[in-house]
Amino acid sequence: MTKWFSGALIGLLIIGFILSDEVIYSRNEKSLFYRHVSLNTSDTQNLLKTEAPTDVSSPQASHQVFSADIISSNLFVQRNFSQKVQTSLQTWEFMKDISKTIQGLDNAIDAISEAGHVWDTLVNSFDKGEIGDVPNNMLKAKENKCPYYLNMMNATKFDDKGYTIHIPCGLIRGSSISVIGIPNGLLGNFQIDLIGEPLADEPTPPLVLHYSVRLNGDELTADPVIVQNTWTAGGGWGEEERCPRAVPGKINKADGLNQCNLMTGRNDSLKLTSDGTSTNLIWSSGVQKRFKPRKYFPFKKGYPSVMTLRAGEVGLQAIVDGKYATSFAFRKRFEPWLINKVQISGEFELISALATGLPTSEDVDNIIDLDVLRAGPLVLLPLDLFIGVFSTATNFKHRMSIRRTWMQYDAVKSGSVAVRFFVGLHKSQMVNEELWDEVHTYEDIQLMPFTDYYDLITLKSLATCIFGTQVASAKYVMKTDDDSFVRVDEVIASLERLKVREGLLYGLIDSHSRPQRNHDSKWYISPEEWPEETYPPWAHGPGYVVSGDIAHTIYKRYKRGDLKMFKLEDVAMGLWIADMRKKGLEVSFINEPRIYIEGCKDGYIVAHYQSPRQMLCLWHKLQLGKGAICCGKL
């Protein structure tokens, strides 16, 4: 056992280094790896079935009908804020009528309602002096900030069923939860639940992921199986995803990985087969023999396992003992930032648990170049270019990497180009307080009057047009993401060469795309939302530019109340422009193939899906005069 234990410790640390940007470990946490608890449940038969959470009641959701105006009214009450906070609300003030423009956006009423509640809490903290008008407020204790990592010493026990680790600021891409333990007991079944913040009008928290390992099968199979699902009080269980699959069919993927490792199954030895399907060829005494590939199941009763759940771009991936096991795409309203606790239960001998790569902000005290990073007020109007960066509250490190890299271009520092982050509120008070500090420190954030569900990013497109025309009076307005590296100098040079001042859409243009009709897709569009077979021309979201007249028309239509919303923000921009063309606007669609939407290629103007470390690497190469050379995985 001692030999295995040392190996498991090494394995967990290696996985932590691979799956997160950083690993912080101190001598104080050594006891984490020696603490040993058993999570045996007394009613093992219940583990054969997927059940609702047992630590909370499951009442029917109490659906209430609110007036959208009443819901949003408390978001726009005049407050005695400092100039810095008022600057972060410049776009917010123009969105007072947002509740009249949300038809077609799922969860919009809920998101505005939730924002009203958390905004009240945040403002009350300000009124009481618990947060202040200066960065790094001394009243805010270090332990009340979002932690980078948590371990089993931070866990609490719930009854006799298991342990819970509270995740106060949610997960982000790259966050990972690692568990070392041994399936034991009568059946060896256990569960790992990722529990979210309560949804609007549902007092019982949802399960963002229910990861159920059933070593002796269940009512559908006698073989071991992993079942993944979601649950809410109002909607009950979602559709199960089983590994191995119960019925052959289309293989779902998340972040490019199969829903289930195709080798997962009953742990049989190699068998000789007579057909030629999916075999290994082995030579023995000059004779070629065919063998079936060896199946395996990631967990085995009585044997230790090291399991890591990692948050990717569109889903969660499970890696067991260094091998990829399963993936699970985030479902609608179940996003990683919503997760606030990890619950481990069942017939499982838990040895250790660690959550790392969690979102946390920079320590302002240790930033020596704060004046260089701070945006400051707009001084040159009209601007040549305004760039709106879509970000979520917990993406602290992505915003910092942009401040240290492409926001340092001369055009940005001189004031002819301005950059602002568009960030919705979070359901966690701790996150909102960190965001409040960031607003004061860098003066480059525009707060949004809603919580940040993916389906609502079109509202940020509107907000970008509002700021770009009503605040910055920019000639051109650009939209990008906080994981995109933008070569600002090349964007400006391209716009100058084009000499198109009106009716411009510049980006990676898609002219023949079709709506996604797969219900399981993050980008699913129903026939009611868009009945036609194809979309009008649109530009991909990681980086596109519209001329000021288009952005201004979007704002005017919003004010009139006739701006049709569509949940895919980049396609929405194409739909808005198509409507302008019907009314006589001549539009130039300029395709820019150097805008890469699925990563980075040398010679890029925009590189997407870049980690904070990759951002710094790209900038370093540019500063050394090496040109637009990609950095690979870091």
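Right, let's walk through the structure included here. Remember, predicted model here, so these are calculated numbers, not experimental data.

### Topic: the overall build of the protein chain
Inference 1: For the protein chain, the count of helices and strands is 14 helices and 31 strands.
Inference 2: Put simply, the protein chain has 634 residues, and 57% of those count as buried.
Inference 3: Relative to all contacts within the protein chain whose residues are 6 or more apart in sequence, the contacts with residues 24 or more apart total 75%.
Inference 4: Accessible surface, the protein chain as shown: approximately 27,500 Å² in total, 52% of it carbon and sulfur.

### With respect to the pattern of salt bridges
Inference 1: Here the structure, examined in full by the defined rule, presents 34 salt bridges.
Inference 2: Of the charged contacts, one joins Arg487 and Glu490 as a salt bridge, the two residues approaching to 3.8 Å between their closest N and O atoms.
Inference 3: In this structure Arg487 comes out as buried when scored by relative accessible area, which is 12%.
Inference 4: Between Asp562 and Arg557 there is a salt bridge, with its nearest N and O atoms 3.9 Å apart.
Inference 5: For Arg557, a relative accessible area of 9% translates into the label buried.
Inference 6: Connected through shared salt-bridge partners, Arg557, Arg560, Asp562, Asp579 and Lys583 make up one network.

### Some remarks on the pairing of strand S8 (residues 225–232)
Residues in a regular strand project their side chains so that they alternate between the two faces of the sheet.
Inference 1: Here S8 lies mainly inside the structure; eight of its eight residues are buried.
Inference 2: By the alternation rule, side chains of S8 split into Val225, Val227, Asn229 and Trp231 and Ile226, Gln228, Thr230 and Thr232, which are all buried.
Inference 3: Inspection of the sheet shows S8 paired to strand S10 (residues 241–243) by three bridges, in the antiparallel sense. Bridge pairing links Ile226 to Cys243 in S10.
Inference 4: As judged from the two bridges shared by S8 and strand S9 (residues 236–237), these two strands associate in the antiparallel manner. Following the sheet pairing, Trp231 is matched in S9 by Trp237.
Inference 5: Taking the residues between adjacent antiparallel strands as the criterion, S8 and S9 are bridged by three residues.

### Observations regarding the sheet that holds strand S30 (residues 595–596)
In any sheet, the strands associate via hydrogen bonds between backbone groups, in a parallel or an antiparallel arrangement.
Inference 1: An order of S24-S31-S30 is seen for the three strands of this open sheet, with the pairing classed as mixed. Pairing within the sheet leaves two strands with one partner each, and these edge strands are strand S24 (485–486) and S30.
Inference 2: In terms of strand pairing, S24 meets strand S31 (residues 606–607) through two bridges, oriented antiparallel. Residue pairing in the sheet places Val486 in a bridge with Val606 of S31.

### Quick notes on the nonpolar core
Generally speaking, nonpolar side chains in soluble globular proteins are found buried as a group.
Inference 1: Ranked by size, the top nonpolar core spans 156 residues in total, and within it Trp119, Tyr211, Phe299 and Trp406 carry the most contacts.
Inference 2: Among the elements that take part in this core, helix H5 (residues 108–127) stands out by supplying nine residues, more than any other.
Inference 3: Setting aside chain neighbours within four positions, we find Phe299 in contact with Pro183, Phe190, Tyr211, Val213, Leu215, Ile226, Ser305, Met307 and Val320.

### Quick word on the packing of helix H10 (residues 457–471) against helix H13 (residues 569–582)
Inference 1: As a packed pair, H10 and H13 sit with axes 8 Å apart at the nearest point and diverge in direction by 55°. Compared by their axis directions, H10 and H13 come out oblique. Viewed along their axes, H10 and H13 form a crossing whose handedness is right-handed. Along the contact surface, H10 presents Ile457, Thr458, Ser461 and Cys465, while H13 presents Glu569, Ala572, Met573 and Trp576.
Inference 2: Considering only residue class, the contact of H10 with H13 consists of five nonpolar, two polar and one charged.

### Some details on the pairing of strand S7 (residues 207–214)
Inference 1: The buried fraction of S7 is high, at eight of eight residues.
Inference 2: Pairing geometry for strand S6 (residues 190–196) and S7, over six bridges, is antiparallel. Residue pairing across strands places Gln191 opposite Ser212, the latter belonging to S7.
Inference 3: Bridge analysis of S7 against S8 gives six bridges, and the strand direction is antiparallel. If you follow Leu207 over to S8, its bridge partner there is Trp231.

### Side note on the packing of H10 against helix H12 (residues 548–560)
Inference 1: Close contact between H10 and H12 brings their axes to 8 Å; oriented N to C, the two are set at 115°. Classified by the angle between their axes, H10 and H12 sit roughly perpendicular to one another. In this structure, H10 meets H12 at a crossing whose hand is left-handed. Within the contact between the two elements, H10 uses Leu462, Cys465, Ile466, Thr469 and Gln470 and H12 uses Gly548, Ala551, His552, Ile554, Tyr555 and Tyr558.

### Focus: the environment of Ala222
Inference 1: By secondary structure assignment, the location of Ala222 is in the loop between S7 and S8.
Inference 2: Exposure remark for Ala222: the relative accessible area of 67% places this residue in the exposed category.
Inference 3: Those residues in contact with Ala222 that sit more than four places away from it in its chain are Asn216 and Gly217.

### Some words on the sheet that holds strand S21 (residues 417–425)
Inference 1: Strand order in this open sheet of seven strands is S22-S21-S20-S23-S28-S25-S29, and the pairing throughout is mixed. Both outer strands of the open sheet, strand S22 (445–451) and strand S29 (588–591), are each paired with one neighbouring strand and no more. Strand after strand, the sheet turns through a mean of 20° between neighbouring axes, direction not considered.
Inference 2: Strand direction decides the pairing type here: strand S23 (residues 476–481) and strand S28 (residues 543–547), joined by five bridges, are antiparallel. If you follow Val477 over to S28, its bridge partner there is Val546.
Inference 3: Along the sheet face, H12 touches S23, strand S25 (504–507) and S28 and points at about 85° away from the line of S28.
Inference 4: Across the sheet, H13 lies against strand S20 (385–391), S23, S25, S28 and S29, angled at about 25° from S28, the strand it touches most.

### Things to note about H12
Note on helix geometry: an α-helix contains 3.6 residues per turn, so any two residues three or four positions apart are oriented the same way.
Inference 1: Taking 1.5 Å per residue as the helical rise, H12 with its 13 residues ought to reach 18 Å, and the 18 Å between its terminal C-alpha atoms agrees with that figure.
Inference 2: Of the positions making up H12, those classed as buried are Gly548, Ile550, Ala551, Ile554, Tyr555, Arg557 and Tyr558.
Inference 3: Immediately beyond the C-terminal end of H12, within one or two residues, lies Gly561, with a positive phi of roughly 85°.

### Re unusual backbone geometry
Inference 1: Here the residue pair Cys243 and Pro244 is connected by a cis peptide bond, since its omega of 0° sits within 30 degrees of zero.
Inference 2: On the secondary structure map, Pro244 appears in the loop between S10 and strand S11 (253–254).
Inference 3: The omega angle of the peptide bond from Leu381 to Pro382 is 0°, so this bond is cis rather than trans.
Inference 4: Structurally, Pro382 is set in the loop between helix H6 (370–373) and S20.
Inference 5: Even without a glycine there, the phi angle at Arg333 is positive, about 75°.
Inference 6: Relative to the elements of secondary structure, Arg333 occurs in the loop between strand S17 (323–329) and strand S18 (339–346).
Inference 7: The phi torsion at Tyr609 lies on the positive side, around 55°, for a residue other than glycine.
Inference 8: Tracing the backbone shows Tyr609 in the loop between S31 and helix H14 (612–623).

The rules behind these values
- Residues numbered from 1 in each chain as written.
- Predicted model: local features only at pLDDT ≥ 70, side-chain atom pairs only at ≥ 80, totals over all residues.
- Heavy atoms only, no water.
- Helix = DSSP H or I, 4+ residues; strand = E, 2+ residues; numbered from the N terminus.
- Buried < 20%, exposed > 50% of the residue type's maximum accessible area, 1.4 Å probe, protein only.
- Contact = heavy atoms within 4.5 Å.
- Areas by Shrake-Rupley, 256 points an atom, 1.4 Å probe, with all protein chains shown as cover.
- Salt bridge = Lys/Arg side-chain N within 4 Å of Asp/Glu carboxyl O.
- Pairing = 2+ DSSP bridges.
- Core = buried A, V, L, I, M, F, W, Y, C linked by side-chain atoms within 4.5 Å.
- Axes fitted to C-alpha atoms, helices over the stretch in contact; angles between N-to-C directions.
- Parallel < 35°, antiparallel > 145°, perpendicular 65-115°, else oblique.
- Left-handed = near helix turned anticlockwise from the far one by under 90°.
- Nonpolar A, V, L, I, M, F, W, Y, C, P; charged D, E, K, R; others polar.
- Expected span 1.5 Å × (residues − 1).

Purely geometric numbers; function is a separate question.
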